[in-house]
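# Observations on the three-dimensional arrangement
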Amino acid sequence: MDTTFLITVFATLFVVIDPIGLTTVFIALTQGTSVAHRRSVAIRACLVAAAILTLFAFLGENVLGFIGISMPAFRISGGILLFLTALDMLFERRTKRREDRADEEEFPDPSVFPIAIPLLAGPGSIATMILLAGQANGAMEMAGILAIMVGVLVIGLVFFLLAGSIERALGRTGIVVTTRLLGMLLAALSVQFVLDGLRDFGIGLS
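Residues numbered from 1 in each chain as written. Predicted model: local features only at pLDDT ≥ 70, side-chain atom pairs only at ≥ 80, totals over all residues. Heavy atoms only, no water.

### Thoughts on the overall build of the chain
Along the chain, the regular secondary structure elements total 10 helices and 0 strands. Helices (α) and strands (β) of the chain occur, in sequence order from the N terminus, as α-α-α-α-α-α-α-α-α-α. Within the chain, the fraction of its 206 residues that count as buried is 43%. Of all intrachain contacts in the chain linking residues separated by at least 6 positions in sequence, the fraction that spans at least 24 positions is 84%. With an accessible surface of roughly 10,500 Å², the chain has 67% of that area assigned to carbon and sulfur atoms. (Helix = DSSP H or I, 4+ residues; strand = E, 2+ residues; numbered from the N terminus. Buried < 20%, exposed > 50% of the residue type's maximum accessible area, 1.4 Å probe, protein only. Contact = heavy atoms within 4.5 Å. Areas by Shrake-Rupley, 256 points an atom, 1.4 Å probe, with all protein chains shown as cover.)

### Some thoughts on the nonpolar core
In this structure, Leu 13, Ile 115, Leu 120, Met 129, Met 149 and Phe 160 are the most contacted members of the largest nonpolar core, which totals 52 residues. Of all the elements in the fold, those that place two or more residues in this core are helix H1 (3–17), helix H2 (19–29), helix H3 (35–59), helix H5 (71–90), helix H7 (111–120), helix H8 (123–135), helix H9 (139–161) and helix H10 (163–200). Here this core takes 10 residues from H3, the largest share from any one element. With near-sequence residues (within four places) excluded, Phe 160 lies in contact with Pro 19, Leu 22, Thr 23, Phe 26, Ala 42, Cys 46, Ile 115 and Leu 120. (Core = buried A, V, L, I, M, F, W, Y, C linked by side-chain atoms within 4.5 Å.)

### Quick look at the packing of aromatic side chains
A complete count under the given rule lists 2 aromatic pairs for this structure. Taken together, a centroid distance of 4.5 Å and an interplanar angle of 10 degrees make the contact between Phe 26 and Phe 160 stacked. Note that Phe 26 is positioned in helix H2 and Phe 160 in helix H9, a separation of 134 residues in sequence. (Phe/Tyr/Trp six-rings, centres within 6.5 Å; stacked < 30°, edge-to-face > 60°.)

### What to know about the environment of Ile 115
Mapped onto the elements, Ile 115 comes out in helix H7. On a C-alpha basis, the gap between Ile 115 and Leu 22 in space is 8.5 Å, while along the polypeptide they are 93 residues apart. If we ignore the near neighbours within four places in the chain, the residues touching Ile 115 are Phe 26, Leu 29, Val 41, Ala 45, Pro 110, Leu 120 and Phe 160.

### Quick look at unusual backbone geometry
With an omega of 10 degrees, the peptide bond between Phe 113 and Pro 114 qualifies as cis. Relative to the assigned elements, Pro 114 resides in helix H7. A cis amide bond links Ile 117 with the next residue in sequence, Pro 118, at an omega value of 10 degrees. One non-glycine residue with positive phi stands out, namely Asp 18, at about 55 degrees. Mapped onto the elements of the fold, Asp 18 is located in the loop between H1 and H2. Given a relative accessible area of 33%, Asp 18 falls into the partly exposed group.

### Things to note about the confidence of the model for the chain
Residue-level pLDDT values for the chain average 82, and 89% of them are 70 or greater. Taking the mean pLDDT of every element in the chain, the minimum, 53, falls on helix H6 (residues 93–100) and the maximum, 95, on H9. Under a pLDDT of 50 for its full length, residues 101–105 has, in the predicted model, 2 contacts with residues more than four places off or in other chains. (pLDDT = per-residue confidence, 0-100.)

Written out as structure tokens, the structure reads:
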């Protein structure tokens, strides 16, 4: 097994998935929820993301092609969905909804969307898994790619489980500021997804 190739795989997936950067997003999306709920969201999100990335590693673009969806279209749709999440973060709509349902002791579940999809397993990470799987020479390297992908998600899970401590360190003001800044960054990221999708369709944008 080529060690250099595996190091490249780890660096690529770590940068694309960005588990450290997503921790603050996780805090913002689960702010005010219970420890048990936050833990279940973290575990479910990582499991769903691992399943999706594994699926695309083996089946690749055939999955999208089978249902008539191109990768550019997937990028555009993921960007639009992510933009809606960014708007919620910018205008604190999630916080208001939580306050309205406080008496019911009910919390939203962002584990599948937007944490698993499209943050952990988004167009970038899915495309990366397809590309890396295509470069694998044999079953051993393929197994190495999958193991590294799981390892990166486990790192993300550890940071997610430490979200409470990180949130206490930041404080309420720090969380509000971070949430707004991340909302702006997510909005920009979502627009970039859309632009990349349009560019892949052959629509030139300067």
